[in-house]
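Residues per chain, in single letters:
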Protein chains: 2
Amino acid sequence: MSNLEQIAKLSGFSKATVSRVLNQSRHVSQPTRDKILAIMEELDYVPNGNAISLSKGQTLQIGLVTEGINEVMLPFLNSFVETASQYGYQTIIYTSSGDPKKELQAFEDMRRKRVDALVISTCVNDLALLGSYSKYGPIVSWQRMENPQIASVAMNQYDGYTLGLEHVIGRGHTRIANAYGRPSSINTSGRMKAYEDAARRHRLAELPQWSRTGIHSIRQGEELVKEMLAVKDPLQRPDAVLCANDLVAAGIVSEARRQQLRVPENLAVVGFDNTELAHTLGITSIYNPIADQAKNAFHLLLGKLGGAGEPQQKLQYFLVERATT
Amino acid sequence: MSNLEQIAKLSGFSKATVSRVLNQSRHVSQPTRDKILAIMEELDYVPNGNAISLSKGQTLQIGLVTEGINEVMLPFLNSFVETASQYGYQTIIYTSSGDPKKELQAFEDMRRKRVDALVISTCVNDLALLGSYSKYGPIVSWQRMENPQIASVAMNQYDGYTLGLEHVIGRGHTRIANAYGRPSSINTSGRMKAYEDAARRHRLAELPQWSRTGIHSIRQGEELVKEMLAVKDPLQRPDAVLCANDLVAAGIVSEARRQQLRVPENLAVVGFDNTELAHTLGITSIYNPIADQAKNAFHLLLGKLGGAGEPQQKLQYFLVERATT
DNA sequence: TCTTGACATGTAACGCGTTTCAACATTTAG
DNA sequence: CTAAATGTTGAAACGCGTTACATGTCAAGA
């Protein structure tokens, strides 16, 4: 492996000049540049990325922290990786599997200068703890959070959820079940607030037993249907359900079909995120511009890293109506 | 930011000794160790990851190269990230979007010592080119490939595909369509071989027009159904289809349902990979132990990196029968 | 012709751990 | 009690670019 010093020696110039060639500095004459480039070529030289990271004090790497990658995150992940790479940044995946200690490793990696910044998708540690790491580098969260040290690109869930609620209410449904996600998240509290307000506005039946939190998987959706059917009196069952994400909706819809529960006549189902899954299964879903949020997340970080990111795009929800409502 | 030298100065010991403490070397007396640790704590010191990478000549990072992350890759990705992190390795995602130049960046990053090794999921560059990078570090491919410099953890697709073929043939289907994936891949040629052999064995009708390559998405599955239905004579249509993956199967099944084509009576559908999607939609699928392949991929790399990885697990396919056959 | 500024290039320190080799101290075996 | 073995610690070089500052050169403006 050749290194910069050898290039310098062989070319007869100093390390500084060789470095200038590498960094496209204009303060190098054309003949010098040509000669140095020729020698680099000859020796099959490439600069050592670690040395660059060490001396520049930046790694051009961004950590993406999640509990685990699922279908809903896919557009976020792909869009983030893609956008970052356009600006020369690589993405490192940190999955915690829900273990705060493993998640902490990601934070520590920023402290140790292994990543320049962090994007948090799900956070299982105390938010204050997360916030305390912001002195080591910029952090952006996909979830909305009130911690002022951590910017968020999540959208106001209140609006999106209201969209779905008004839709099913407009269809005449009155017994609405809510399958919320992570109980502690602000996303969830925004959705809860939306439901409370809508319930008040439209004088909906009270069905506290059908508001659940912590529902995010296909299986949990299936379970929910089984629970509904366990209630004998159909009037005690919900006639519509809004889901934390399309996965849950998919579970509900397919279980309902298996159990001969008619959708949407007996149970309207609204998913969230409008993933390809929702399209495939014909599930009405609230489109959440996830890929654009990922772009925003990156540009936000880039801005804090001193780069010239593009300004944030204004994003908004809309409802995609399909066969389940 | 404090550094190792400051710790050395303050503690009265040399950098070497401090380094020994960091690396758990036993050649440090307990009092010395305690004193140094105390000072580290006091100064809130953590070693700089870049400096470590530079001097050790390894980054503890592995690049995962794909065209883009999709549902089928999810178990591979999650399992790989998880396994790698157990051994202290981080995973960096490189998505090429099918652009060989972007993919090349990943290879170059290994040359530049930014990653210690590479796992290739899809490769859009010439395999010989990929092989030429193996001098810079170990490469393992998820796809089976004959290049001897690149190990593969893919399973023999011939066996898996035969499993599916025998299943539908046993159900009385004779006009079998094949929706193959990437045309140039060895996976595909293995599957093709499996079909040819099965067709010969069972004297199946010849339906060359229903063998397609390059089919991997939900939409393409939907398209395929439309094409089938465009043929007026039902006997000219296939009565069974084996799919490159569950996404394609999902597209076929949902489009067939929309078009009133009865599954499995008029069209049996077999997916591949047995993802959660197949479970949800009740699609018969061939289980491909993807998560275990990812584990094998990591252990293979770790072995080549000089670590003590676990030995490869022997893996095998089996068919999960559901409602589409 | 002299000054000023733009440009080309070099010197040396810096970013920060790791590691080899040597030196010295302390046991332990003989 | 000595020689050999074991343990503790340090000096200095190494891994590899980057960059602030200094120096030298040459052309344009005064």
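Keep in mind that this is a model prediction, so the values were computed, not measured.

### Quick notes on the overall build of chain A
Here is step 1 of the chain: Regarding its fold elements, chain A presents 13 helices and 11 strands.
Here is step 2 of the chain: Here the C-alpha radius of gyration of chain A, 26 Å, is well above what a compact globule of 325 residues would show, namely 20 Å.
Here is step 3 of the chain: Dimensions of chain A, computed from the C-alpha atoms along their principal axes, are close to 90 × 40 × 30 Å.
Here is step 4 of the chain: Residue pairs in contact within chain A that sit at least 24 positions apart in sequence constitute 70% of those at least 6 positions apart.

### Topic: the relation of the copies chain B and chain A
Here is step 1 of the chain: Superposing chain B onto chain A takes a rotation of 180 degrees plus a shift of 0.0 Å along the axis, which leaves an RMSD of 0.0 Å. What the superposition gives is, in effect, a two-fold axis relating one chain to the other. Among all residues of chain B, the one whose C-alpha sits closest to the rotation axis is Ile92(B), at a distance of 2.2 Å.

### A closer look at the environment of Ser53(A)
Here is step 1 of the chain: By the secondary structure assignment, Ser53(A) is in helix α4 (residues 49-56).
Here is step 2 of the chain: By the C-beta count within 10 Å, which is 25 here, Ser53(A) ends up buried.
Here is step 3 of the chain: Between the C-alpha atom of Ser53(A) and that of Leu163(A), which follows or precedes it by 110 residues, the distance is 47 Å.
Here is step 4 of the chain: Discounting chain neighbours no more than four positions away, the residues touching Ser53(A) are Gln58(A), Thr59(A) and Asn50(B).

### Observations concerning the sheet that holds strand β4 (residues 139-141) of chain B
Here is step 1 of the chain: On the basis of which strands lie adjacent, the open sheet formed by 10 strands has the order β5(A)-β4(A)-β3(A)-β1(A)-β2(A)-β2(B)-β1(B)-β3(B)-β4(B)-β5(B) and mixed pairing. If you trace the sheet from one side to the other, it starts and ends with β5 (151-152) of chain A together with β5 (151-152) of chain B, each paired once.
Here is step 2 of the chain: Along the sheet face, helix α5 (residues 74-86) of chain A touches β1 (61-66), β2 (90-95) and β3 (117-120) of chain A together with β2 (90-95) of chain B and points at about 145 degrees away from the line of β2(A).
Here is step 3 of the chain: Sheet strands in contact with helix α6 (residues 100-111) of chain B are β1 (61-66), β2 and β3 (117-120) of chain B, and its direction is about 160 degrees off that of β1(B).

### Section: the protein's contact with DNA strand D
Here is step 1 of the chain: Close contacts around DNA strand D come from 27 residues, with Asn3(A), Leu4(A), Ala16(A), Phe13(B) and Ala16(B) the closest.
Here is step 2 of the chain: Elements with a minimum of two residues in the surface near DNA strand D: α2 (15-22) and α4 of chain A together with α2 (15-22) and α4 (49-56) of chain B.
Here is step 3 of the chain: Of the residues contributing to the surface near DNA strand D, the split by class is 12 nonpolar, 11 polar and 4 charged.

### Regarding the protein's contact with DNA strand C
Here is step 1 of the chain: In the vicinity of DNA strand C there are 27 residues, among which Ala16(A), Thr32(A), Asn3(B), Leu4(B) and Ala16(B) approach most closely.
Here is step 2 of the chain: Listed by contribution, the elements that provide at least two residues to the surface near DNA strand C are α2 and α4 of chain A together with α2 and α4 of chain B.
Here is step 3 of the chain: The class makeup of the residues in the surface near DNA strand C is 12 nonpolar, 11 polar and 4 charged.

### Some words on the interface of chain B and chain A
Here is step 1 of the chain: Each partner contributes residues to the interface: chain B has 37 residues there, and chain A has 37 residues.
Here is step 2 of the chain: Elements with a contribution of two residues or more to the side of chain B that touches chain A: α4, α5 (74-86), β2, α6, α11 (246-258) and α12 (276-281) of chain B.
Here is step 3 of the chain: Here the side of chain B that touches chain A is built from residues that sort into 13 nonpolar, 15 polar and 9 charged.
Here is step 4 of the chain: Examined bridge by bridge, β2(A) and β2(B) share 3 bridges and lie antiparallel to one another. Bridge pairing in β2(B) places Ile92(A) opposite Ile92(B).

### Description of the pairing of strand β10 (residues 284-287) of chain A
Residue and element names in this part refer to chain A.
Here is step 1 of the chain: Direction of pairing for strand β9 (residues 268-273) relative to β10: parallel, over a ladder of 4 bridges. Counterpart to Val270 in the pairing with β10 is Thr284.
Here is step 2 of the chain: On the question of chirality, the crossover connecting β9 to the parallel β10 by way of helix α12 (residues 276-281) is right-handed.
Here is step 3 of the chain: Both β10 and strand β11 (residues 318-320) contribute to a ladder of 3 bridges, which runs antiparallel.

### Things to note about the pairing of strand β9 (residues 268-273) of chain B
A regular strand carries its side chains on alternate faces of the sheet.
Here is step 1 of the chain: Burial analysis of β9(B) places 6 of its 6 residues in the buried class, the great majority of the element.
Here is step 2 of the chain: Once the chain exits strand β8 (residues 240-243) of chain B it traverses α11(B) before rejoining the sheet at β9(B), and the crossover so formed is right-handed.

### What about the sheet that holds β9(A)?
Here is step 1 of the chain: The 6 strands are arranged β7-β6-β8-β9-β10-β11 (chain A) in an open sheet whose pairing can be described as mixed. For this open sheet the edge positions go to β7 (211-212) and β11 of chain A, each flanked by a neighbour on one side alone.

### A word on the packing of helix α1 (residues 4-11) of chain B against helix α3 (residues 30-43) of chain B
Residue and element names in this part refer to chain B.
Here is step 1 of the chain: In the contact formed by α1 and α3, the axes pass within 10 Å of each other and the chain directions differ by 125 degrees. For the element pair α1 / α3, the angle class is oblique. For the element pair α1 and α3, the recorded crossing hand is right-handed. Across the interface between the two elements, Gln6, Ile7, Leu10 and Ser11 from α1 touch Lys35, Ile36, Ile39, Met40 and Leu43 from α3.
Here is step 2 of the chain: Classifying every residue of the contact of α1 with α3 gives 6 nonpolar, 2 polar and 1 charged.

### Observations concerning unusual backbone geometry
Here is step 1 of the chain: Look at the link from Val263(A) to Pro264(A): it is a cis peptide, with omega at 5 degrees.
Here is step 2 of the chain: Following the sequence through the fold, Pro264(A) ends up in the loop between α11 (246-258) and β9.
Here is step 3 of the chain: Notably, Leu60(A) is not glycine yet its phi reads approximately 60 degrees, a positive angle.
Here is step 4 of the chain: Structurally, Leu60(A) can be placed in the loop between α4 and β1.
Here is step 5 of the chain: For Leu60(A), a count of 17 C-beta atoms within 10 Å gives the class partly exposed.
Here is step 6 of the chain: Its identity as a non-glycine residue notwithstanding, Arg203(B) has a phi of 50 degrees, on the positive side.
Here is step 7 of the chain: For Arg203(B), the location among the structural elements is in the loop between α9 (186-202) and β7 (211-212).
Here is step 8 of the chain: Taking the number of C-beta atoms within 10 Å as the measure of exposure, Arg203(B) has 8 and is therefore exposed.

Criteria and cut-off values
As a convention, each chain's residues are numbered from 1 in the sequence order in which they are written. Chain labels run from A onward and ligand labels from 1 onward, assigned in the order the entries are written. Totals for whole chains, interfaces and linings use every residue, but because this is a predicted model, local features are given only for residues with pLDDT of at least 70 and side-chain atom pairs only at 80 or more, for both listing and counting. Every helix listed is a DSSP run of H or I at least four residues long, and every strand listed is a run of E at least two residues long, numbered separately from the N terminus. All radius of gyration figures rest on C-alpha atoms, and the globule criterion is 2.2 Å times the number of residues raised to 0.38. By the criterion used throughout, residues are in contact when their C-beta atoms, derived from the backbone, lie within 7 Å. All copies are superposed by least squares; the fitting set is the C-alpha atoms of residues with a pLDDT of at least 70 in both. Residue burial is a threshold on neighbouring C-beta atoms within 10 Å of the residue's own C-beta, all placed from the backbone, with 20 or more meaning buried, 12 or fewer meaning exposed, and counts in between meaning partly exposed. Two strands qualify as a pair provided DSSP detects at least 2 bridges between them. The axes used here are C-alpha line fits, helices contributing only the stretch in contact, and every angle between their N-to-C directions lies in the interval 0 to 180 degrees. Near residues are defined by distance alone, with the backbone-placed C-beta atom required to lie within 6 Å of the molecule or strand. Amino acids are sorted into nonpolar (Ala, Val, Leu, Ile, Met, Phe, Trp, Tyr, Cys and Pro), charged (Asp, Glu, Lys and Arg) and polar (every other residue, Gly among them). When the strands point away from the viewer and the connection leading from the first strand across the helix to the second strand turns clockwise, the crossover is called right-handed. Throughout this description, any angle smaller than 35 degrees is read as roughly parallel, any larger than 145 degrees as roughly antiparallel, any in the 65 to 115 degree range as roughly perpendicular, and the remainder as oblique. With the far helix as reference, a near helix turned anticlockwise by less than a right angle produces a left-handed crossing, and one turned clockwise produces a right-handed crossing.

Interpretation in functional terms is not warranted from these geometric data alone.
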